[in-house]
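Structural features, examined
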Amino acid sequence: MNKTFNILTKCAAAAALIGATSSGAYAEITLIKQDPTAGDPLSRLNFTVGGSIRPQALNLSGKGDKGSYKRNGYDGGTRFRFTSDYYLFDDISWLSYYELGVDFPRVFKWDHHYQKGTTHTTRRMLYTGLKSDTWGTLTFGKQNSVYYDVVGVKTDIWDYDMLGQAPGNGINGDYDGSYMSRNMLKYKESIGNTDLYAAYLFDDNLNLNNGLHYKRHGGGSLGVDYHFSKDFTWGAAWNYTRAQMRVNNSNQEKNYNQNIVGTALSWTPDQWTFSVGGGWYQNYLQTMRKHADIHKYFADDAWGIEYFAGYTIPVQSFAVQAVEPYFMGDRLEYLNGRNYKRIDNGVGVNVKLDYGFSVQYEHVFTSSTDHQGDANLVRVVYDF
């Protein structure tokens, strides 16, 4: 436990230092403000930066994770964002976005606080494109998938989450089209209260550590987000990926048509937050056999759901802005290919502090066929 709080203290101190140098701001910081002026090309540029520093610790009951770096405290997803918007003409702008993930314990070589073999940094997202109020937005690169934008994001609002939804369970969300998809062309257009999405996935490859190779031979996505009101939204999405599993250095291969289809609701009346989402996953979840067989690598059918209910209590005193207790849960079940079921239900509290800081604690009760332990999780977040 002392090690856990030591790492949290170190990262919180780093966050405080950054907070002091950014004037206590916790929204996007505008470094260059757009103010188009004739003869001045730089005046057409709007450039902002932001980020989130997230030290955390995760402790599972039992001995399943004894000695794990997660028990000692680790980086829970620190990222830095860089956004540019360059005005071209009429209502058309050229936009670019870069999101860099940083594993601070790995950078500073804090042993037993990071997974061995991982990198110091990761390219979470990098894309560019054109934006128009009239014609919509067209972007290309590594970016959030249509499925995540429309379905996944609605229940990705607590820490120990994404255990029942597609973006957290595929072979790799960067490649299978479910999460932060690589080499993706995405289009979004808003018509009245409806946001329409479409995307095309270009070919990509993932070399696995088990002697197998996953190749994406294209794919595509469709999605719709309907806003009944400013605080009530319903979304639905479908993603198709034409995939191939191959044994390295051989001619053994198997083609799969991967489909994920899902829907989700988000409702935020007054201080309340409610969300629920679920999906159907075909040839998408891995069978997890000890001896990988490319002909039975993916389960034919599975499904999952996630849900959340929270209430924010305003405080506005003693450096505490608000306290949000919440209930959350999920369920993931294979229908064939593997005998597996997982059910999580838990409670948590998010204490929102001044200057962009917050502290979250969650306890999750888990029932699963592989006997996963219950979870205790604490996270310190600094958003700027």
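What comes next is a walk through the structure. (Residues numbered from 1 in each chain as written. Predicted model: local features only at pLDDT ≥ 70, side-chain atom pairs only at ≥ 80, totals over all residues. Heavy atoms only, no water.)

**Regarding the overall build of the protein chain**
Looking only at helices and strands, the protein chain has four helices and 21 strands in total. Computed over the C-alpha atoms, the radius of gyration of the protein chain is 22 Å, within 12% of the 21 Å expected from 2.2 N^0.38 for a compact globule of 384 residues. Evaluated residue by residue, the protein chain yields a buried proportion of 48% over its 384 residues. Relative to all contacts within the protein chain whose residues are 6 or more apart in sequence, the contacts with residues 24 or more apart total 57%. A total accessible area of about 19100 Å² is found for the protein chain, and carbon and sulfur atoms account for 57% of it. Side chains of the protein chain give 37 positive and 39 negative charges; the mean places of these two sets differ by 8 Å. (Helix = DSSP H or I, 4+ residues; strand = E, 2+ residues; numbered from the N terminus. Rg over C-alpha atoms; globule rule 2.2 N^0.38 Å. Buried < 20%, exposed > 50% of the residue type's maximum accessible area, 1.4 Å probe, protein only. Contact = heavy atoms within 4.5 Å. Areas by Shrake-Rupley, 256 points an atom, 1.4 Å probe, with all protein chains shown as cover. Lys, Arg positive; Asp, Glu negative; His and termini not counted. Charge placed at Lys NZ, Arg CZ, Asp CG, Glu CD.)

**Regarding a nonpolar patch on the surface**
A cluster of nonpolar residues, Leu138, Phe140, Leu185, Tyr187, Tyr200 and Phe202, forms a patch on the protein surface that exposes about 510 Å² of accessible area. Elements that contribute at least two residues to the nonpolar patch include exactly strand 8 (136–144) and strand 9 (180–191). With respect to the element layout, Phe140 can be found in strand 8. (Patch = residues over 30% accessible without salt bridge, like charges linked within 9 Å, V, L, I, M, F, W, Y side chains within 5 Å. Salt bridge = Lys/Arg side-chain N within 4 Å of Asp/Glu carboxyl O.)

**Things to note about empty space enclosed by the protein**
It is the rolling of a water-molecule-sized probe over the atoms that shows where space remains empty. Tallied over the full model, the rule gives two cavities of 30 Å³ or more. Computed from the structure, the largest cavity encloses a volume of approximately 70 Å³. In this structure, the largest cavity is lined by 15 residues; those nearest its centre are Val151, Gln165, Gly277, Gly278 and Tyr281. When contributions to the lining of the largest cavity are tallied by element, the ones reaching two or more residues are strand 15 (272–282) and strand 16 (301–311). With four residues, the top contributor of residues to the lining of the largest cavity is strand 15. By residue class, the composition of the lining of the largest cavity is six nonpolar, eight polar and one charged. (1 Å grid on protein atoms, 1.4 Å probe; cavity = no way out; pocket = protein on both sides within 12 Å on 5 of 7 lines; lining within 4 Å. Points joined across faces, edges and corners; volume = space filled by probe spheres on them. Nonpolar A, V, L, I, M, F, W, Y, C, P; charged D, E, K, R; others polar.)

**A word on the packing of aromatic side chains**
Under the definition given, this model contains 27 aromatic pairs. Ring geometry for Tyr214 against Phe298: centres 6.4 Å apart, planes inclined by 70°, an arrangement best described as edge-to-face. With Tyr214 in strand 12 (residues 212–229) and Phe298 in the loop between strand 15 and strand 16, this pair connects stretches of sequence that are 84 residues apart. A residue is classified by how much of its surface remains accessible, and Tyr214, at 0% relative accessible area, is buried. Taken together, the ring pairs connect Phe80, Phe104, Phe108, Trp110, Phe357, Tyr382 and Phe384 into an aromatic cluster. The positively charged end of Arg338 is found above the aromatic ring belonging to Tyr334, 5.3 Å away from the centroid. We note Arg338 situated over the ring of Tyr340; from NZ or CZ to the ring centre the distance is 4.1 Å. (Phe/Tyr/Trp six-rings, centres within 6.5 Å; stacked < 30°, edge-to-face > 60°. Lys NZ or Arg CZ within 6 Å of the ring centre and 35° of its normal.)

**Some words on the pairing of strand 21 (residues 375–383)**
By the bridge criterion, two bridges tie strand 2 (residues 45–53) to strand 21 in an arrangement that is antiparallel. Of the residues in strand 21, the one forming a bridge with Ser52 is Asp383. Of the pairings in the sheet, the one linking strand 3 (residues 55–60) to strand 21 comprises five bridges and is antiparallel in character. Each bridged residue has a counterpart across the sheet, and for Leu58 the counterpart in strand 21 is Leu377. One ladder, built from eight bridges, connects strand 20 (residues 357–368) with strand 21; its direction is antiparallel. Following the sheet pairing, Val364 is matched in strand 21 by Ala375. Hairpin connection from strand 20 to strand 21: six residues lie between these consecutive antiparallel strands, with His371 at a positive phi of about 60°. (Pairing = 2+ DSSP bridges.)

**Some remarks on the environment of Asn259**
Locating Asn259 in the fold gives a position in strand 14 (residues 253–267). The class for Asn259 is buried, based on a relative accessible area of 19%. Along the backbone, Asn259 and Asp301 are 42 residues apart, and their C-alpha atoms lie at a distance of 9.6 Å. Side-chain polar atoms of Asn259 contact the side chain of Trp238, separated by 3.0 Å. (Polar contact = N/O pair within 3.5 Å; in protein donor to acceptor, adjacent residues only side chain to side chain.)

**So, the environment of Val49**
With respect to the helices, strands and loops of the structure, Val49 is situated in strand 2. You can call Val49 buried: its relative accessible area is 14%. Placed 210 residues apart in sequence, Val49 and Asn259 show a C-alpha to C-alpha distance of 36 Å. Ignoring any residue separated from it by four or fewer positions in sequence, one finds Val49 in contact with Glu28, Ile29, Leu31, Arg81 and Phe82.

**Describing the pattern of salt bridges**
Throughout the structure, instances matching the rule amount to 12 salt bridges. A salt bridge links Arg81 to Glu28, with the shortest nitrogen-to-oxygen separation between them at 2.4 Å. Note that Arg81 is positioned in strand 5 (residues 79–89) and Glu28 in the loop between helix 1 (2–21) and strand 1 (29–32), a separation of 53 residues in sequence. Take Arg81: its relative accessible area is 18%, and that puts it in the buried class.

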